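Structural overview
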Amino acid sequence: MASMMKHLGGACIALLSLTAAGAAIAAHGAPDDPFPATYRPAASASLAIVGATVLTGTGAEIADATLLIADGKIEAVGAMLPVPEGYARVDGRGKWVTPGIIDAHSHLGVYASPATPSHEDGNGAVAPNTAEVWAEHSVWPQDPKFRLARAGGVTSLMILPGSANLFGGRSVTLKNVPSVTTQGMKFPGAPYGLKIACGENPKRVYGSKGRSPATRMGNVAGYRKAWIDAADYLRRQDRWEAGGKVGDPPKRDLQLETLAGVLRGEILVQNHCYRADEMAVMIDVAREFGFSIRAFHHANEAYKIAPLLAKEDICVATWANSWGAKMESLDGIEENAPMIDAAGGCAIIHSDDGLLIQRLNQEAGIAMTAANHAGLPVSRGEAIRWITANPAKAMGIADKVGTLEPGKMADVVLWSANPFSVYALADRVWVDGVIQWDRSDPRYQGPSDFVVGQPGQGFAR
Amino acid sequence: MTRRLAALAALLLATPASAETIAIVDARLMTMTGAGEISRGTIVIRDGRIAALGAGVPVPAGARIIDGRGGVVTPGFVQADSTLGAVEVSQVPTSADRATHSAAISAGFDISLGLNPDSILLPVSRLAGITHAVTTPLYDDQGGRRLQFAGQAAVIDLAQRPQMVTRPRAAMVLEMGEGGAERAGGARGSAIVELRTTLADVRHFAAHRAAYDRGEGRPQTLSRVDLEALVPVAEGRMPLIVKVDRASDIREMIAFAREERLRIIVDGAGEGWRVADEIAAAQVPVILDPLADLPRSFSELGATMDNAARLHAAGVTVVIKTGSGVAHRARELRYGAGNAVAWGLPHDAAVAAITINPARVFGVADRIGSLQAGRVADLVLWNGDPLEPLSQPQAVFVEGVEKPLTARPLELRDRYMPRP
């Protein structure tokens, strides 16, 4: 128990600093950051992982490498690097090292386990536009799945609202560290995302209620109407600011504020969209209103328009092996991500699932193997980018995580074997240079409060 | 039935596409029999049957040779708790025949009738080395959890031929635990009383069919077809798949089965490891998803990745499934088995859990699930460890017929693959 408290020590410190942080007011009248991240990594000793095969996340694979971590940051990586004095040595021989795994599509915390109605907090299916909701206000940090994902090497993840609505609300990007508060998990400086959903889900949810959208054309009309309102809102804000902020500012509107954030380029569009033709329509909608789409999610048919997506610089977050649940996912193929990659695009393997998030490395392995089998050569160094560097790009945190380049946050996984193997387990996981998971040390396996005192709490699972 | 008769019956069922002799050479043979693993072995297939297998088996003159290149041959995999053949698109009800909400047909629902051999899911699953499935009814709970039984499961093959049922009515499906409680009015105690009452009714019906048909005797809550379907269950001839996860529910159902003289198969068993010795002692087989480590419900708080390993160590016959009812993701079966190995299950036990164990549990081990001379060739050649995502099948034989390694997703891939 003492070790558990120690483990949560960082979070407790973070909690105290919550009150100290003042909410700055942005130029356009809205508080800049009303729910600021309080996550601060604990101090960590300098570390050298020696002798492992390293996939750097930049495309490279380095055998018998040394990875140096200092002050919670990557210091250096390469073959035959000398280990400076005072660095703790971790024996990596026979093992593999990758950047921390990043999941660009998760509902952990907003659909917490156990799956009781009390825990269903991810889909406000009450209106087709709920851009005003923020996923972070639904996240339950005690969802036991966070620990399971940590044991799978996941160090950062984007939590999205569900896909019942045209506009589902804001996403939140978290560091996968134990914390009592959601603010204590928030990834400092990560931009927000806006969840938009295409296709069957919104039209089914609202069509069945006898209201719009009941069709795909109804979906698109719904997006355009909302963007017209958002553009108007933005103009009024800008006019007030350009006019020297004389008189009362235009009244804030939470829903339009988020949409306006997209039009300003501050909030990244994360678009649930399966079919190729619908993605092409969404690209036109974005062009009509002058914003860009950061990533299409699920996107089972992305391979059909791979060159277009590469040209538009839109990432594709998808699976290898999920297809056929509905008409719009019937054409899913294992080679979707590698075909995006081959076209020069940004391919991502995501989970959207509390089980798959524990094994994103294997899902990437499935896609990699399928591609190689199809005559589309993909190296391990490239494939690891689907679950590290590329999701970091889609989430707007590529300058901080996703590769093992010097200066980046030391989010690192030490694997027992080739990470694309079904037998590979995460031996240790560091977040900002701080050990947060150790398969052989119960001090770093602490379960969530919910699991405490329950059957099986002591297992690494 | 004598072995010879069984072999004859099997012969009549199998219709190889062509009379041909094939030799798979230079492969490690995981026989799933007392012969264990044979390194650098040869399998000779003649007219769709295994004519010979072993390390020193000569290649017959004129045989078509498939070079195993040091790969592995396993029996065809069996996907338990599947809906293969009974679903095309999960959320399109008209494309699915895996569940019924008819109040008059619960136990009577026979999934083996009306399966679709042209389903595009079958060749996809073959790409994962799956040659058979235990197609198992789901509950259609759109109107609430009302029906007591989901219906009867069938063992099917994935050869895509009109006669695709290897064994119809192989088991009855019953949900107990949380779901069963809800079906019976909201409490476990109610569900068990209801089940006991049902079995008494079935036995009474079996003993008084004539009176029942005259409209005499005691009133029955179940329809005639449901009563009739449950007779073999009540008589211990048809196994009852009981879906339970909580340790106490498993224990309760083992005791219940002993009292009522039922043959049960526990499906789910999220907390099976906590009562592993009791399950083993009762010789109750377990179907489990080795990846199910979430405390999804209050019945699965003890779910853990080493459930399969602990049950196997205790002597339980373990059948591995993945993604219950999610037929589209059947390709994950072998990875699920591999993950169980990563968490302590011996490799050969993991392969057994997707071959010979389901074959035994569902009464088709005299036909599939192992590599034996005289048996129909139902096997897969892999270019490496069959449980690894990094390996791929090189040849798949379903019920004596080599099937092409293609499927609709691969055709779509090739249609959009950029040409140099």
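Rules used in this analysis
- Residues numbered from 1 in each chain as written.
- Chains lettered and ligands numbered in written order.
- Predicted model: local features only at pLDDT ≥ 70, side-chain atom pairs only at ≥ 80, totals over all residues.
- Heavy atoms only, no water.
- Salt bridge = Lys/Arg side-chain N within 4 Å of Asp/Glu carboxyl O.
- Helix = DSSP H or I, 4+ residues; strand = E, 2+ residues; numbered from the N terminus.
- Buried < 20%, exposed > 50% of the residue type's maximum accessible area, 1.4 Å probe, protein only.
- Contact = heavy atoms within 4.5 Å.
- Pairing = 2+ DSSP bridges.
- Phe/Tyr/Trp six-rings, centres within 6.5 Å; stacked < 30°, edge-to-face > 60°.
- Lys NZ or Arg CZ within 6 Å of the ring centre and 35° of its normal.
- Core = buried A, V, L, I, M, F, W, Y, C linked by side-chain atoms within 4.5 Å.
- Domains from an automatic or database assignment.
- Buried area = accessible area lost by both parts, 1.4 Å probe.
- Axes fitted to C-alpha atoms, helices over the stretch in contact; angles between N-to-C directions.
- Disulfide = S-S within 2.5 Å.
- Polar contact = N/O pair within 3.5 Å; in protein donor to acceptor, adjacent residues only side chain to side chain.
- pLDDT = per-residue confidence, 0-100.
- Expected span 1.5 Å × (residues − 1).

**As for the pattern of salt bridges**
Residue and element names in this part refer to chain B. This model, assessed by the stated rule, comprises 63 salt bridges over all chains. Linking D267 and K321 is a salt bridge whose minimum nitrogen-to-oxygen distance equals 2.8 Å. Taken together, the positions of D267 in strand 10 (residues 264-268) and K321 in the loop between strand 12 (318-320) and helix 10 (333-342) put the pair 54 residues apart, joining distant regions of the chain. When sorted by exposure, D267 lands in the same class as K321, which is buried.

**Observations concerning the environment of G384 of chain B**
Residue and element names in this part refer to chain B. If you trace the backbone, G384 turns up in the loop between strand 13 (379-382) and strand 14 (393-398). Spatially, the C-alpha atom of G384 lies 64 Å from that of E216, the residues being 168 residues apart in sequence. The residues touching G384, leaving out its near neighbours within four places in the chain, are G71, V72 and S391.

**Focus: the pairing of strand 5 (residues 96-99) of chain A**
In this sheet, strand 5 of chain A lies alongside strand 1 (residues 47-55) of chain A in parallel orientation, the contact comprising two bridges. Within strand 5 of chain A, the position partnered with V54 of chain A by the bridge is V97 of chain A.

**A few points about the packing of aromatic side chains**
Residue and element names in this part refer to chain A. Tallying each qualifying case throughout the model produces 11 aromatic pairs over all chains. With 6.3 Å between their ring centres and 65 degrees between their planes, W140 and F450 make a pair best called edge-to-face. On the criterion of sequence distance, the pair formed by W140 in the loop between strand 6 (101-106) and helix 3 (145-151) and F450 in the segment after strand 17 (434-438) is long-range, its members being 310 residues apart. Judged by centre distance (5.6 Å) and plane angle (80 degrees), the ring pair of F167 and W227 falls under edge-to-face. Here the residue F167 occupies a position in strand 8 (residues 167-170), and W227 occupies one in helix 5 (residues 216-242), the gap between them amounting to 60 residues. Given a relative accessible area of 1%, W227 falls into the buried group. Among the aromatic residues, those joined into a cluster by ring pairs are F167, Y223, W227 and F291. Across from the ring centre of Y192, 4.8 Å away, lies the NZ or CZ of R170, which sits over that ring.

**Description of the nonpolar core**
I320 and F362 of chain B are the most contacted members of the largest nonpolar core, which has 115 residues in total. Counting contributing residues per domain, this core is built from domain 1 (1-76 + 369-420) and domain 2 (77-368) of chain B, each supplying no fewer than three. Residue contacts for I320 of chain B: discarding those within four places in its chain leaves L288, P290, L333, A337, A340, L345, A353 and I354 of chain B. If you look at the next biggest cluster of nonpolar residues, it comprises 90 residues, including W134, A135, I267 and V429 of chain A.

**Quick word on the domain arrangement of chain B**
Interfaces are often described in size by the accessible area the parts lose on coming together. All names here are of chain B. Domain boundaries assigned for chain B yield domain 1 (1-76 + 369-420) and domain 2 (77-368). The C-alpha centroid of domain 2 is placed 28 Å from the C-alpha centroid of domain 1. Between domain 1 and domain 2, the residue contacts involve 36 residues of the former and 35 residues of the latter. Between domain 1 and domain 2 lies a buried interface of about 2800 Å² when both sides are counted; carbon and sulfur atoms form 62% of it. Joining domain 1 to domain 2, the criterion identifies two salt bridges.

**Let's talk about the sheet that holds strand 13 of chain B**
Residues and elements named next belong to chain B. Spatially, seven strands are ordered 3-2-1-4-13-14-15 in an open sheet, and the strand pairing comes out mixed. Pairing within the sheet leaves two strands with one partner each, and these edge strands are strand 3 (49-54) and strand 15 (401-403). Adjacent strand axes in the sheet meet at a mean angle of 35 degrees, parallel and antiparallel pairs treated alike. Note that strand 13 and strand 14 share four bridges and pair antiparallel.

**A short note on the sheet that holds strand 14 (residues 347-349) of chain A**
Residues and elements named next belong to chain A. Reading across from one edge, 8-10-11-12-13-14 is the order of the six strands in this open sheet, with mixed pairing throughout. Because the sheet does not close on itself, it has two edges, and the strands there are strand 8 and strand 14. The sheet shows a mean angle of 20 degrees between the axes of neighbouring strands, taken without regard to direction. Relative to strand 11 (residues 268-273), strand 10 (residues 193-197) runs parallel, the two being bridged by five bridges. In the sheet register, I196 faces strand 11, and the bridge partner there is N271.

**Some thoughts on the state of the cysteines**
All names here are of chain A. Under the defined criterion, the tally for this structure stands at two disulfides over all chains. For C198, the disulfide goes to C273, at an S-S distance of 2.3 Å. For the disulfide bridge between C198 and C273, the dihedral angle about the S-S bond is near -90 degrees, and by the sign convention the bridge is left-handed. A residue pair is termed long-range when its members are at least 10 positions apart, and C198 in the loop between strand 10 and helix 4 (200-207) and C273 in strand 11 qualify at 75 residues. The buried category is assigned to C198, whose relative accessible area is 2%. Covalently, C315 is tied to C346 through a disulfide, its sulfur atoms 2.2 Å apart.

**What to know about the pairing of strand 15 (residues 412-415) of chain A**
All names here are of chain A. Of the two faces of strand 15, the one carrying V412 and L414 and the one carrying V413 and W415 are both buried. Note: strand 5 against strand 15, four bridges, orientation antiparallel. Bridge pairing in strand 15 links W96 to W415. Strand direction decides the pairing type here: strand 15 and strand 16 (residues 426-431), joined by four bridges, are antiparallel. Within the sheet, the bridge partner assigned to W415 lies in strand 16 and is A426.

**Here we look at the environment of I241 of chain B**
Residue and element names in this part refer to chain B. Considering the arrangement of structural elements, one finds I241 in strand 9 (residues 240-244). When the C-alpha positions of I241 and A337 are compared, they lie 21 Å apart, and in sequence the two are 96 residues distant. Not counting chain neighbours up to four residues away, the residues in contact with I241 comprise T136, A171, M172, V173, L174, I265, D267 and F362.

**Describing the interface of chain A and chain B**
Residue-level contacts link 51 residues of chain A with 51 residues of chain B. A combined buried area of about 4500 Å² lies between chain A and chain B, and 63% of that area is made up of carbon and sulfur atoms. The interface formed by chain A and chain B includes three salt bridges. Across the pair D331 of chain A and R408 of chain B runs a salt bridge, and its minimum N-O distance is 2.8 Å.

**Side note on the side chain of D432 of chain A**
Residues and elements named next belong to chain A. Structurally, the position occupied by D432 is in the loop between strand 16 and strand 17. With a relative accessible area of 4%, D432 lands in the buried category. Separated by 3.1 Å, the side chains of D432 and K175 make a polar contact. Apart from the residues within four sequence positions on either side, D432 is in contact with Y39, P41, S44, G72, K175, M409, A410 and D411.

**Some remarks on the confidence of the model for chain A**
Summary statistics for chain A give a mean pLDDT of 93 and a share of 93% for residues scoring 70 or more. Confidence drops under pLDDT 50 across residues 1-23 of chain A; counting only partners more than four residues distant or on other chains, this segment forms 22 contacts.

**Here's the deal with helix 7 (residues 247-260) of chain B**
Residue and element names in this part refer to chain B. Helix length check: helix 7 (14 residues) gives 20 Å between terminal C-alpha atoms against 20 Å at 1.5 Å per residue, within 8%. In this structure, the buried residues of helix 7 make contact with helix 3 (177-183), helix 4 (188-207), helix 6 (224-234), strand 9, strand 10 and helix 8 (276-281). Looking one or two places after helix 7, you find R261, whose phi comes out positive at around 55 degrees.

**As for the confidence of the model for chain B**
Mean pLDDT for chain B: 94, with 95% of residues reaching 70 or above. Confidence over residues 5-17 of chain B falls short of pLDDT 50; this stretch has 20 contacts with residues more than four positions distant or in other chains.

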